[in-house]
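A look at the structure
Given next are the chains, with one letter for each unit.
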Amino acid sequence: MGIRILSVFGTRPEAIKMAPVIWELQKYPDRIESRVCVTAQHREMLDQVLGVFRITPDIDLNLMQPAQTLPELTTRVVAGITEVLERERPDCVLVQGDTTTVMATALAAFYRKVPVGHIEAGLRTYDRYSPFPEEINRRITDVLATFCFAPTRAAAEALRREGISDRDIYVTGNTVIDALLWAVRQPEPPDVAKLASRLDGQKLVLVTAHRRENFGAPLEEICLGLRELARRNPQIAIVYPVHLNPNVQEPVHRILQGEERIYLISPLSYLSFAHLMNRADVILTDSGGIQEEAPALGKPVLVVREETERPEAIEAGVAKLVEIDAHVIVQEVERLLYDEQAYRQMANAVSPFGDGHAAERIVRILLERLK
Ligand code: UD1
Ligand code: UDP
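Residues numbered from 1 in each chain as written. Chains lettered and ligands numbered in written order. Predicted model: local features only at pLDDT ≥ 70, side-chain atom pairs only at ≥ 80, totals over all residues. Heavy atoms only, no water.

Helix and strand counts for the protein chain stand at 16 helices and 13 strands. Compactness check: the protein chain gives a C-alpha radius of gyration of 20 Å against a globular reference of 21 Å for 371 residues, within 12% of the reference. With the C-alpha coordinates aligned to their principal axes, the bounding extent of the protein chain is approximately 60 × 40 × 40 Å. Within the protein chain, the proportion of its 371 residues that are buried is 59%. When the accessible surface of the protein chain is totalled, it reaches about 15300 Å², and 49% of it is carbon and sulfur. Counting 43 positive and 52 negative side-chain charges, the protein chain places the centres of these two groups 3 Å from one another. (Helix = DSSP H or I, 4+ residues; strand = E, 2+ residues; numbered from the N terminus. Rg over C-alpha atoms; globule rule 2.2 N^0.38 Å. Buried < 20%, exposed > 50% of the residue type's maximum accessible area, 1.4 Å probe, protein only. Areas by Shrake-Rupley, 256 points an atom, 1.4 Å probe, with all protein chains shown as cover. Lys, Arg positive; Asp, Glu negative; His and termini not counted. Charge placed at Lys NZ, Arg CZ, Asp CG, Glu CD.)

This part covers the nonpolar core. One finds Phe-9, Val-21, Phe-53, Leu-94, Phe-149 and Leu-366 to be the most contacted residues of the largest nonpolar core, which totals 66 residues. Beyond its immediate chain neighbours, meaning those up to four positions away, Leu-366 contacts Ile-5, Cys-92, Leu-94, Phe-147, Phe-149 and Lys-371. (Core = buried A, V, L, I, M, F, W, Y, C linked by side-chain atoms within 4.5 Å. Contact = heavy atoms within 4.5 Å.)

Attention now goes to the environment of Asp-168. For Asp-168, the position within the fold is in the loop between helix 6 (153–161) and strand 7 (169–171). Overall, the relative accessible area of 17% leaves Asp-168 in the buried class. In this structure, the C-alpha to C-alpha distance between Asp-168 and Arg-261, residues 93 residues apart in sequence, is 50 Å.

Close contacts around ligand 2 come from 16 residues, with Arg-12, Leu-268, Gly-288, Gly-289 and Glu-293 the closest. One of the side-chain nitrogen or oxygen atoms of Arg-211 is found 3.0 Å away from an oxygen atom of ligand 2. One of the backbone nitrogen or oxygen atoms of Leu-268 is found 2.8 Å away from an oxygen atom of ligand 2. Protein contacts shield 95% of the accessible area of ligand 2, which totals 540 Å² for the unbound molecule. The set of elements that each furnish at least two residues to the shell around ligand 2 consists of helix 1 (12–25), helix 11 (270–279) and helix 12 (288–297). Sort the elements by how many residues they give to the shell around ligand 2 and helix 12 lands first, with 4 residues. When its residues are assigned to classes, the shell around ligand 2 shows 9 nonpolar, 4 polar and 3 charged. (Near = heavy atom within 4 Å. Polar contact = N/O pair within 3.5 Å; in protein donor to acceptor, adjacent residues only side chain to side chain. Nonpolar A, V, L, I, M, F, W, Y, C, P; charged D, E, K, R; others polar.)

This part covers the site of ligand 1. Ligand 1 sits among 24 residues. The nearest are His-42, Glu-44, Gln-65, Glu-134 and Asn-245. For ligand 1, an oxygen atom lies 2.9 Å from a polar atom in the side chain of Gln-68. Summarising the interface, the protein chains cover 94% of the accessible area of ligand 1, which totals 750 Å² for the free molecule. Residue composition of the shell around ligand 1, by class: 9 nonpolar, 10 polar and 5 charged.

Time to look at the pairing of strand 4 (residues 92–96). The element strand 4 is extensively covered by neighbouring structure, given that 5 of its 5 residues are classed as buried. Of the two faces of strand 4, the one lined by Cys-92, Leu-94 and Gln-96 and the one lined by Val-93 and Val-95 are each fully buried. Strand direction decides the pairing type here: strand 1 (residues 3–9) and strand 4, joined by 3 bridges, are parallel. Across the sheet, Leu-6 pairs through a bridge with Val-93, a residue of strand 4. Relative to strand 5 (residues 116–119), strand 4 is paired through 4 bridges, and the arrangement is parallel. Note on strand 5: the bridge partner recorded for Val-93 is Val-116. In the classification by handedness, the crossover that spans strand 4, the intervening helix 4 (residues 100–111) and the parallel strand 5 is right-handed. (Pairing = 2+ DSSP bridges. Right-handed = clockwise from strand over helix to strand, strands pointing away.)

It is generally the case that most residues other than glycine have a negative phi and that most peptide bonds are trans. Here the bond from Ser-130 into Pro-131 is cis, since omega is -5°, no more than 30 degrees from zero. Structurally, Pro-131 is set in the loop between strand 5 and helix 5 (134–144). Cis geometry marks the peptide bond from Phe-132 to Pro-133, where omega comes out at 5°. Tracing the backbone through its elements, the reader meets Pro-133 in the loop between strand 5 and helix 5. One non-glycine residue, Ala-67, lies in positive phi territory at about 50°. Within the secondary structure, Ala-67 is located in the loop between strand 3 (59–60) and helix 3 (70–88). Its identity is not glycine, yet Arg-89 carries a phi of approximately 45°, on the positive side. Assignment of secondary structure puts Arg-89 in the loop between helix 3 and strand 4.

Moving on: the pairing of strand 8 (residues 203–208). Strand 8 sits mainly inside the fold: 5 of its 6 residues count as buried. Pairing geometry for strand 8 and strand 9 (residues 236–241), over 4 bridges, is parallel. Each bridged residue has a counterpart across the sheet, and for Leu-204 the counterpart in strand 9 is Ala-237. Here 4 bridges tie strand 8 to strand 11 (residues 282–285), and the two strands are oriented parallel to one another. Bridging from a neighbouring strand, Val-207 pairs with Leu-284 of strand 11.

Here it is in structure tokens:
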């Protein structure tokens, strides 16, 4: 029998970043028994990704509740995963990222003394409330993990500074680049061409925002900035696939619904979103994953957050932190769209987060360490 590896994930970004690893694990049927468990912390947004990557989970805990709270969700994940571990008896559990699913799964695995591999280890802002609760989720997970797969050298360095043994830290690149490079090689889905055909030569500003610390006034401020931007600039169109979290849906629709040249749409399938990023002129986001993807596509990305755990993109000059103030947002987007030099300086295709082979490295290391 092969090494039994249980990959656990629950949300859209975890699924995207775990998919290349699951594909890679499946390449070794003689040596690895790969099992997939989803908590379904997200439901529709997770299922979209499972569909794109054609992954059928072996176990689906189906945990999402509307407007779920952190303590409720954490409790349900720890209990659900504990039962799965009792039944499945894996040799190793893989988690990816910094969500509640990740932290609670790592804890449940630790209680059963099952080694945990943490993919995307070592990201830090060192501000416990930003992003909230992800900064603490990932620190807890790194403490619990047996194998830390750091996407970059800086992330590995952070782990070393925190006293994690060098022997357990591996710099692998981020698996999101594996997923992205695959996605943009696929034919462009028809919904993207349809959206683009509505643009009428306008410049495309692609927007996402969903972070918990931006709920309330900051998210409203972002929306006011977008409204102002669209009203002032007939030559700009804004496409915003709105996250299904009700704390996002309500203010975004209240402030932006019905505005000319602002297209509020449902979350896009990963293939469509990747191709739409490729067509965008500017991306404005508070998402983690998009900060990694935009540089690989050479798309300037304005990050509406106070700080980032992904400084590599800022250092590479492709990303910029933007104060959450409507006027500043308008100013920064307009500058990029009308100042060619400013645009050229940011539109560099660089890939500080990986080369598209992260999943291969991770699986090779697992084969070596778990044999
Ligand atoms: C979660 C993660 C966040 C990650 C984000 C990616 C935590 C604490 N937060 O935030 O780190 O960046 O996912 O998107 O782990 N909902 C649906 N359908 C879906 C998904 C969400 O209806 O497919 C709604 C539900 O009402 C759900 C709510 O959104 O209760 C919140 O979902 P949750 O996973 O708790 O938080 P996110 O804000 O999505
Ligand atoms: N994404 C997607 N459809 C969308 C918006 C985003 O597939 O409509 C992808 C995006 O390319 C990235 C990931 O979702 O890979 C980011 O997820 P999210 O912003 O939900 O979470 P975060 O990365 O902030 O944790």
